[in-house]
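# Commentary on secondary and tertiary structure
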Amino acid sequence: MIALLDGILSTFAAVMIMILMVPLLLAAVRMVTGPGYADRFVALDMLTGIAVAIAALTMIVTGRREFLDVAFGIALIGFLATCSLSALLEKKKEDL
């Protein structure tokens, strides 16, 4: 019974990884082409969130716990990037 549930969960996680590739691509396009800085910041947050989800799902599929460390690292870098970019945006607003 456990082996059957493990197989179903691994299959579901693999399908979810494939489904998450679509919003990952769309967010990357929005980050590159976004009309304003706010659009690019939101796209960056979306990219990091999707990357964390993909890393967690990859951990489920492969069974390797190291992918949770990768997910944590991506989340931390995404948070710091968002903070840095928002500080840059505030600085640009003060210069105007």
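We now turn to the structure provided with this report.

### Section: the nonpolar core
Listed in full, the six residues of the largest apolar core are A13, I17, L20, I50, I54 and L57. Secondary structure elements with two or more residues in this core: α1 (2-33) and α2 (37-62). The residues contacting L57, other than those within four sequence positions of it, are A13, M16, I17 and L20.

### Observations concerning the side chain of S10
With respect to the helices and strands, the residue S10 is situated in helix α1. What makes S10 buried here is its relative accessible area of 18%. With sequence-adjacent residues up to four places away left out, S10 is seen in contact with I60 and V61.

### Points about the packing of α1 against α2
Running from N to C, α1 and α2 point in directions that differ by 160°, and their axes come no closer than 9 Å. Taken as axis vectors, α1 and α2 run roughly antiparallel relative to one another. Where α1 crosses over α2, the two elements pack in a sense that is left-handed. Considered class by class, the residues forming the contact of α1 with α2 number 23 nonpolar, three polar and three charged.

Thresholds, definitions, all that
- Residues numbered from 1 in each chain as written.
- Predicted model: local features only at pLDDT ≥ 70, side-chain atom pairs only at ≥ 80, totals over all residues.
- Heavy atoms only, no water.
- Core = buried A, V, L, I, M, F, W, Y, C linked by side-chain atoms within 4.5 Å.
- Buried < 20%, exposed > 50% of the residue type's maximum accessible area, 1.4 Å probe, protein only.
- Helix = DSSP H or I, 4+ residues; strand = E, 2+ residues; numbered from the N terminus.
- Contact = heavy atoms within 4.5 Å.
- Axes fitted to C-alpha atoms, helices over the stretch in contact; angles between N-to-C directions.
- Parallel < 35°, antiparallel > 145°, perpendicular 65-115°, else oblique.
- Left-handed = near helix turned anticlockwise from the far one by under 90°.
- Nonpolar A, V, L, I, M, F, W, Y, C, P; charged D, E, K, R; others polar.

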